[in-house]
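Chain and residue survey
Letter by letter, the chains look like this.
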Amino acid sequence: MVQKPIRLADRVLQVPPSPTLAVNAKAKALKAAGEDILNFSVGEPDFDTPEHIREAGKKAIDEGQTRYTAVPGIPELREAVAMRCKADHGWDYSPEQIQICCGGKHGLYNIFQALLNHGDEVLIPAPYWVSYPPMVQLADGVPVEVPLDEAANFDLNPTTLVAKASEKTRAIFLNSPSNPAGSVFSHEALKAVAAMALERGWLVVSDDIYETITYMDGKLPHILDVEPRLKEQTVVLNGVSKAFAMTGWRIGWCAGPAHLIKAMNKVQSQSTSNCSTPAQYAALAALIGPQDFPSEMKKAFLPRRDFFVRDLESIEGVSCVNPSGAFYVFPNFSAYYGKSFKGKVLNNSVDMADYFLEEAKVASVPGAAFGADAFVRFSFATSMAVIEEGMARIKKALAALEG
Ligand code: PMP
Ligand code: GLU
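First, a word on what this report is: a plain description of the structure on this page.

**Let's talk about helix α11 (residues 277-288)**
Over its 12 residues, α11 runs 17 Å from end to end, which matches the ideal 16 Å to within 8%, given 1.5 Å per residue. Burial runs high along α11: 11 of the 12 residues are buried. Along α11, the positions that sit buried rather than exposed are T277, P278, A279, Q280, Y281, A282, A283, L284, A285, A286 and L287. Where the residues of α11 are buried, they touch α3 (51-62), α4 (75-89), β2 (98-101) and β8 (252-255).

Structure, rendered in structure tokens:
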């Protein structure tokens, strides 16, 4: 008898594995096999976690902080998150309005598990971070893309928003600065979102994971500053991964209405219990200690961004919005679609990124993964030398295309 493979859930079959993590794994494997790969794929700071934070993690282990904690996190860390919300933004949150989760990604998972019923719709401005639609689908919801225009610097157009909203809309994602384009939403766009969210009772999910990495003059516009009355309808998502180069520690948090956080705690209690205990103490040191680390990283990121954007823009047919934050460039290569190399036609961003990997040994993430097929994403959280060499290879690869 031939045994049939165990049947899998439809819910899982409808989503892909994270493409950013998949490309990163492929690039690392090729590198380990001796290939000269330049890796621009995954988005994580190329810095070590600051020493005082590492020490706090080690101290926690040595002092026996190795047991379960309260489901929503240790009280000191929740208080520290509340303190940062107040000190950095003037927002008042009590510890019951805060959940510590296993990275921002896990916070999103908890939000949608707690929020959605079958068929509920969630508005997702596109280009979006790769995990937003699958998070919604895994909670039985329906992701609805709201296209953003490159010519408008990927700002949100209120008319498009109205066209995509429906009776079934329950929530909207905001990510500013954004992954993958590093774009920020204008005050006017946020005002339009706020008016609709208030009128229709949507939850606003404000993913602020890149808020400390901005290159703009003046204050980053935020939905809660634009419309403070939205506080009971907003969940703010953040974490230490990007701001403190702590991607592997897996600590994030959500701040929002107490009843939503309570429901999310229920989900967490039945899934992960709590986040790693020593990592919570390390995150505590990050939040109550010196806050200048993101600025230090920015000093390194800024010249890389400037070089990358200038060099991309100098290529015939390529455009690239200057990112106002985060550490990604998102150039438009669609003028090269339809061209070929050794008889193989490059039709889309997946073909383009494959071509860069195979012929230029440059790892990038196709824009299709972010809901924007004209583009390819490169992380500039890597050295200037790698960026210079990578750009030389990209230009050579583009010049070799025919048609
Ligand atoms: N939101 C965005 C837009 C991101 O790019 C990331 C990066 N992975 C996250 C959330 C979550 O990060 P983490 O789970 O490492 O906190
Ligand atoms: N957010 C990063 C990226 O987009 C990390 C990888 C992931 O979790 O997607 O590359």
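**Observations regarding the site of ligand 1**
Of all residues adjacent to ligand 1, which total 13 residues, the nearest are G104, N179, D207, Y210 and S241. Contacts to ligand 1 include K105, whose backbone N or O atom sits 3.0 Å from an oxygen atom. A distance of 2.5 Å separates a nitrogen atom of ligand 1 from a polar atom in the side chain of D207. For ligand 1, whose accessible area on its own is 390 Å², the fraction buried by protein is 93%.

**A few points about the sheet that holds strand β9 (residues 328-329)**
Reading across the sheet, the three strands line up as β9-β14-β13 and stay open at both edges, with antiparallel pairing between neighbours. Strands at the two margins of the open sheet, each flanked by one partner only, are β9 and β13 (365-366). Bridge analysis of β13 against strand β14 (residues 376-379) gives two bridges, and the strand direction is antiparallel. Bridging across to β14, P366 finds its partner in V376.

**Considering the packing of aromatic side chains**
Under the criterion given, the structure shown has 23 aromatic pairs. With a centroid separation of 5.5 Å and an interplanar angle of 85°, the aromatic rings of Y210 and F327 are classed as edge-to-face. Here Y210, found in the loop between β6 (203-207) and α9 (223-226), pairs with F327, found in the loop between α12 (293-313) and β9; they are 117 residues apart in sequence, far enough to count as distant. Owing to a relative accessible area of 0%, F327 belongs among the buried residues under this scheme. Relative to F380, the ring of Y215 has its centre 6.5 Å away and its plane inclined at 40°; by these criteria the two rings are tilted. One end of the pair, Y215, is in the loop between β6 and α9; the other, F380, is in the loop between β14 and α14 (384-399), and 165 residues separate them in sequence. On the basis of relative accessible area, Y215 is assigned to the buried category, the value being 15%.

**Details of the site of ligand 2**
Close to ligand 2 lie S18, T20, L21, V42, G43, K105, W129, N179, Y210, K242, Y328 and R377, which account for all nearby residues. G43 has a polar backbone atom sitting 2.7 Å from an oxygen atom of ligand 2. The separation between an oxygen atom of ligand 2 and a polar side-chain atom of W129 is 3.1 Å. Each residue belonging to the shell around ligand 2 can be placed in one class, and the counts come to five nonpolar, four polar and three charged.

**Things to note about the nonpolar core**
Formed by 126 residues in total, the largest nonpolar core has its most connected members in L108, F112, F333, M352, F356, F378 and L398. Not counting chain neighbours up to four residues away, the residues in contact with L398 comprise I315, V318, F333, Y336, M352 and F356. In terms of nonpolar packing, the next biggest core, distinct from the first, is built from five residues, A27, I37, L357 and A363 among them.

**Considering the side chain of R78**
Note on placement: R78 falls in helix α4. Among all residues touching R78, those that are not within four sequence positions of it are A70, P72, G73, P95, I98 and I100.

Rules behind the numbers
- Residues numbered from 1 in each chain as written.
- Chains lettered and ligands numbered in written order.
- Predicted model: local features only at pLDDT ≥ 70, side-chain atom pairs only at ≥ 80, totals over all residues.
- Heavy atoms only, no water.
- Helix = DSSP H or I, 4+ residues; strand = E, 2+ residues; numbered from the N terminus.
- Expected span 1.5 Å × (residues − 1).
- Buried < 20%, exposed > 50% of the residue type's maximum accessible area, 1.4 Å probe, protein only.
- Contact = heavy atoms within 4.5 Å.
- Near = heavy atom within 4 Å.
- Polar contact = N/O pair within 3.5 Å; in protein donor to acceptor, adjacent residues only side chain to side chain.
- Areas by Shrake-Rupley, 256 points an atom, 1.4 Å probe, with all protein chains shown as cover.
- Pairing = 2+ DSSP bridges.
- Phe/Tyr/Trp six-rings, centres within 6.5 Å; stacked < 30°, edge-to-face > 60°.
- Nonpolar A, V, L, I, M, F, W, Y, C, P; charged D, E, K, R; others polar.
- Core = buried A, V, L, I, M, F, W, Y, C linked by side-chain atoms within 4.5 Å.

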